[in-house]
Amino acid sequence: MCAGVLCLALGDAVSKWLGEVHSPLQIVFFRTLVSLPLIALLAHFGGGLRKLQTRRPKVHLVRGVIYTGTMGFFVWGLTMLPLAEATAIAFVAPMFVTLLSVPLLGERIELPVLVASLVGFMGVLIVVRPGGEAFQLGSLVLIAAAVCYALMMVTARRYGREHLWAMVFYMTLIPMLLTGLTLPWVWQTPYPWHWPGFLLSGVLGVGATAFITQAFRHAPAAIAAPFDYTAMLWAVLLGWWFWDELPDIWVLVGSVLIIGSGLAIAHHDRRTSLKRRPTA
């Protein structure tokens, strides 16, 4: 789990670096272009390519569109906010999964989960500080990414009978096709040193998926899920190392509340394997 989270953090840093020059849509395109054959290869060794067959193409199309929004919003937000602050806001995804499960899945929210969700929401308000100088478009964009990811996880819970690699494959294929259609309008010719970055972004994304999947296969969700929050440590270190970014006291306080909320929800609900942050 820690290895998967490290892959996610490194992938976020690479995307933030590429976002200084390239459109988020172009970054998403190359990331999915690199990831797709690797996912097919993993599917081949994980049971054969027949596992990619599906009886719900419309469901995969809808989830692919949602995931395109998730990645696009998240990469866009990374270009506007420090890495640690962006990571903290992304941690609110479990709260949105819980809240959206009520109208979309007919689930009930028990009082401890509701209290934890409210605490997490307070943490988000502290991090983004509406009405203050720290509040900006990037905060709203990252919250939109968290909502999109929560929608994707809720649909996975509802239509999760498909094979894992089939869900991952089409969730990667649709964004590649959609963002590919936008390239004539957003294309920026990469510098030679950007090509390894695009390649690395895709490899890290697949590595994160593989490691985290194995973590949830070999350990209960209540044990594996909390290690997702080690991403905050990597975000602080990478942000300081590459961009000289250090989170202020309010980002740290808000992060503690958000992480505490997520841990409480994970402890209460053993189905936390569906409640990941956007880049997972």
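From a predicted model like this one, the values you see are computed outputs, not experimental measurements.

## Some remarks on the overall build of the protein
When helices and strands are counted, the protein shows 12 helices and 0 strands. Taken over 280 residues, the protein has a buried fraction of 52%. Here the protein has roughly 13100 Å² of accessible surface; of this, 71% comes from carbon and sulfur atoms. Within the protein, the 12 negative side-chain charges are centred at a point lying 18 Å from the centre of the 19 positive side-chain charges.

## Overview of the pattern of salt bridges
If you walk through the whole model with that rule in mind, you get 1 salt bridge. In this structure, the salt-bridge partner of Lys16 is Glu245, at a minimum N-O distance of 3.6 Å. Of the two residues, Lys16 is situated in helix α1 (residues 2-18) and Glu245 in the loop between α11 (231-243) and α12 (249-268); the sequence distance between them amounts to 229 residues.

## Points about the packing of helix α3 (residues 57-78) against helix α7 (residues 137-158)
Running from N to C, α3 and α7 cross one another at 155 degrees; their axes reach a closest spacing of 8 Å. On the basis of their axis angle, the class for α3 and α7 is roughly antiparallel. Every pair of crossing elements has a handedness; the one defined by α3 and α7 is left-handed. For the contact of α3 with α7, a count of residues per class yields 16 nonpolar, 5 polar and 1 charged.

## A look at the environment of Ala90
Counting through the fold element by element, Ala90 comes out in helix α4 (residues 83-90). In this structure, the C-alpha to C-alpha distance between Ala90 and Phe74, residues 16 residues apart in sequence, is 8.3 Å.

## Some points on unusual backbone geometry
For Asp244, which is not glycine, the phi dihedral falls at a positive 55 degrees. Mapped onto the elements of the fold, Asp244 is located in the loop between α11 and α12.

## Description of the packing of aromatic side chains
The relation between two aromatic rings is expressed through the spacing of the ring centres and the mutual angle of the planes. Counted according to the given criterion, the structure contains 10 aromatic pairs. Residues Phe30 and Trp195 carry aromatic rings whose centres are separated by 5.4 Å and whose planes lie at 90 degrees to one another, so their mutual orientation is edge-to-face. Of this pair, Phe30 sits in helix α2 (residues 24-45) while Trp195 sits in helix α9 (residues 195-218), and the two are 165 residues apart along the sequence. Ring plane angle 90 degrees and centroid distance 5.3 Å describe the contact between Phe169 and Tyr170, whose orientation is recorded as edge-to-face. Residue class for Phe169 comes out buried when judged on its relative accessible area of 15%. Taken together, the aromatic side chains of Phe29, Phe30, Trp187, Trp195 and Phe198 make up a single cluster linked through ring pairs. Sitting above the plane of the Trp243 ring, Lys16 keeps its charged end 5.4 Å from the centroid.

## Observations concerning the state of the cysteines
Enumeration over the complete set of coordinates arrives at 0 disulfides. Not part of a disulfide, Cys2 finds its nearest cysteine sulfur in Cys7, a span of 11 Å. The partly exposed category is assigned to Cys2, whose relative accessible area is 39%. On the accessibility criterion, Cys7 (13% relative accessible area) is buried.

## Some remarks on the confidence of the model for the protein
Predicted confidence across the protein gives a mean pLDDT of 84, with 90% of residues reaching 70 or more. Across the protein, the secondary-structure element scoring lowest on mean pLDDT is helix α10 (residues 221-224), at 68, and the one scoring highest is α1, at 93. Here residues 271-276 is modelled with pLDDT under 50, and outside its nearest four sequence neighbours on either side it reaches 25 contacts, counting other chains as well.

## What to know about the environment of Ala13
For Ala13, the position within the fold is in helix α1. Residue Ala13 is classed as buried on the basis of its relative accessible area of 8%. Taking the C-alpha atoms as reference points, Ala13 and Leu81, 68 residues apart in sequence, are found 12 Å from one another. Setting aside residues no more than four positions away along its own chain, Ala13 makes contact with Leu83, Leu238 and Trp243.

Calculation rules
- Residues numbered from 1 in each chain as written.
- Predicted model: local features only at pLDDT ≥ 70, side-chain atom pairs only at ≥ 80, totals over all residues.
- Heavy atoms only, no water.
- Helix = DSSP H or I, 4+ residues; strand = E, 2+ residues; numbered from the N terminus.
- Buried < 20%, exposed > 50% of the residue type's maximum accessible area, 1.4 Å probe, protein only.
- Areas by Shrake-Rupley, 256 points an atom, 1.4 Å probe, with all protein chains shown as cover.
- Lys, Arg positive; Asp, Glu negative; His and termini not counted.
- Charge placed at Lys NZ, Arg CZ, Asp CG, Glu CD.
- Salt bridge = Lys/Arg side-chain N within 4 Å of Asp/Glu carboxyl O.
- Axes fitted to C-alpha atoms, helices over the stretch in contact; angles between N-to-C directions.
- Parallel < 35°, antiparallel > 145°, perpendicular 65-115°, else oblique.
- Left-handed = near helix turned anticlockwise from the far one by under 90°.
- Nonpolar A, V, L, I, M, F, W, Y, C, P; charged D, E, K, R; others polar.
- Phe/Tyr/Trp six-rings, centres within 6.5 Å; stacked < 30°, edge-to-face > 60°.
- Lys NZ or Arg CZ within 6 Å of the ring centre and 35° of its normal.
- Disulfide = S-S within 2.5 Å.
- pLDDT = per-residue confidence, 0-100.
- Contact = heavy atoms within 4.5 Å.

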